[in-house]
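# A look at the structure
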Amino acid sequence: MADDKDVLRDVWFGRIPACFTLNQDEVTEREAEPYYLLLPRVSYLTLVTDKVKKHFLKVMKAEDVEEMWFEYEGTPLKWHYPIGVLFDLHASNTILPWNITVHFKNFPEHDLLHCPSHSVIEAHFMSSIKEADALKHKSQVINDMQKKDHKQLWMGLQNDKFDQFWAMNRKLMEFPTEEGGFRYIPFRIYQVLHTCTNAVISFLNSLGECSE
């Protein structure tokens, strides 16, 4: 996978045109115009919507602003799901742009996790990376990386820098042929009405031989 650079670039630069509209129940000093943005499929909503927040804060009083959250057709959008996953789950059949409603009040405590800062997103992202490497390499790769390598991986995602991200992520995706390959292939199954499910696939059968 680490050598399929053209495919990796196509996936990385996948974008979803979106239209952000302030919820009609929000109190504003003047009419709030919609905000349009191309969303990267591989990122997270709360990581790429700082401009959306600044846009709507211009028409609101500070005392009317609480934590920002998003919904689509009545469904709160989980910020810790990648944007591409959210779109495919809830809006893959919709006409573009994807119409997302912005809220600053009535946070849905039972449906969403709080996300007060980018450091929360970073912690979630790095936790997922470590879980995957534990299954693939017994955590050997992630543990051998220095703190600055972890930071480069995160900053590459945060700043939408393909080369910066893949310079580090390549190590996590290398196939250790001398050890018989990955121990397991980790993946997650996302369902609309359920939380995501983690699963693993082994390259080896019950006899310890490579599966065909």
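Residues numbered from 1 in each chain as written. Predicted model: local features only at pLDDT ≥ 70, side-chain atom pairs only at ≥ 80, totals over all residues. Heavy atoms only, no water.

Under an unreviewed UniProt entry, the chain has the name ATG5 autophagy related 5 homolog (S. cerevisiae) and belongs to Neogobius melanostomus. The UniProt entry for the chain carries this comment under Function (unreviewed entry): "May play an important role in the apoptotic process, possibly within the modified cytoskeleton. Its expression is a relatively late event in the apoptotic process, occurring downstream of caspase activity. Plays a crucial role in IFN-gamma-induced autophagic cell death by interacting with FADD." We quote the UniProt Subcellular location (unreviewed entry) comment for the chain here in full: "Preautophagosomal structure membrane". (UniProt positions renumbered as here; feature names shortened; annotations may be inferred.)

A word on the packing of aromatic side chains. According to the stated counting rule, one finds 10 aromatic pairs in the structure shown. Ring geometry for F20 versus F70: centroids 5.6 Å apart, planes at 65°, classification edge-to-face. Of the two residues, F20 is situated in strand β1 (residues 15–22) and F70 in strand β3 (residues 69–72); the sequence distance between them amounts to 50 residues. The interplanar angle of 80° and the centroid separation of 6.1 Å between the aromatic rings of F165 and W166 together place this pair among those described as edge-to-face. As far as burial versus exposure is concerned, F165 and W166 are alike and both buried. Sitting over the face of the ring of Y81, K78 holds its NZ or CZ atom 6.0 Å from the ring centroid. (Phe/Tyr/Trp six-rings, centres within 6.5 Å; stacked < 30°, edge-to-face > 60°. Helix = DSSP H or I, 4+ residues; strand = E, 2+ residues; numbered from the N terminus. Buried < 20%, exposed > 50% of the residue type's maximum accessible area, 1.4 Å probe, protein only. Lys NZ or Arg CZ within 6 Å of the ring centre and 35° of its normal.)

With that out of the way, let us pick up the sheet that holds β1. Pairing is mixed in the open sheet, where 5 strands are placed in the order β2-β1-β5-β3-β4. Each having just a single partner strand, β2 (35–40) and β4 (75–76) make up the two edges of the open sheet. Note: β3 against β4, 2 bridges, orientation antiparallel. Paired with Y72 across the two strands is T75, which belongs to β4. (Pairing = 2+ DSSP bridges.)

In this section: the layout of surface pockets. In this structure, the second largest pocket occupies an estimated 290 Å³ of space. As for the second largest pocket, its lining consists of 19 residues, of which T46, K53, E67, M68 and C115 are closest to the centre. Taken together, the elements giving at least two residues each to the lining of the second largest pocket come down to α3 (50–57), β3 and α5 (118–137). Considered class by class, the residues forming the lining of the second largest pocket number 11 nonpolar, 4 polar and 4 charged. (1 Å grid on protein atoms, 1.4 Å probe; cavity = no way out; pocket = protein on both sides within 12 Å on 5 of 7 lines; lining within 4 Å. Points joined across faces, edges and corners; volume = space filled by probe spheres on them. Nonpolar A, V, L, I, M, F, W, Y, C, P; charged D, E, K, R; others polar.)

Mapped onto the elements of the fold, E71 is located in strand β3. Classification of E71 as buried rests on a relative accessible area of 11%. Each C-alpha atom of the pair E71 and T101 lies 5.3 Å from the other, and the pair is 30 residues apart in sequence. Beyond its immediate sequence surroundings of up to four residues, E71 is in contact with N23, P76, L77, I100, T101 and H103. Polar contacts involving the side chain of E71 include one to the main-chain amide nitrogen of G74, which spans 2.7 Å. (Contact = heavy atoms within 4.5 Å. Polar contact = N/O pair within 3.5 Å; in protein donor to acceptor, adjacent residues only side chain to side chain.)

Here α5 crosses helix α7 (residues 147–158) at 115°, and the two axes come no closer than 11 Å. Like other packed secondary-structure pairs, α5 and α7 cross with a definite hand, here right-handed. Together, H118, I121, E122, F125, M126 and I129 of α5 and H150, K151, L153, W154, L157 and Q158 of α7 make up the contact between the two elements. By residue class, the composition of the contact of α5 with α7 is 7 nonpolar, 3 polar and 2 charged. (Axes fitted to C-alpha atoms, helices over the stretch in contact; angles between N-to-C directions. Left-handed = near helix turned anticlockwise from the far one by under 90°.)

A separate point is unusual backbone geometry. Residue P97 is reached from L96 by a cis peptide bond, and omega for that bond is 5°. Structurally, P97 can be placed in the loop between α4 (83–90) and β5 (98–103). Look at K138: it is not a glycine, yet its phi comes out positive at around 60°. Its place among the elements puts K138 in the loop between α5 and α6 (140–144). Judged by its relative accessible area of 55%, K138 is exposed.

Topologically, T49 is positioned in the loop between α2 (45–48) and α3. We classify T49 as buried; its relative accessible area is 0%.

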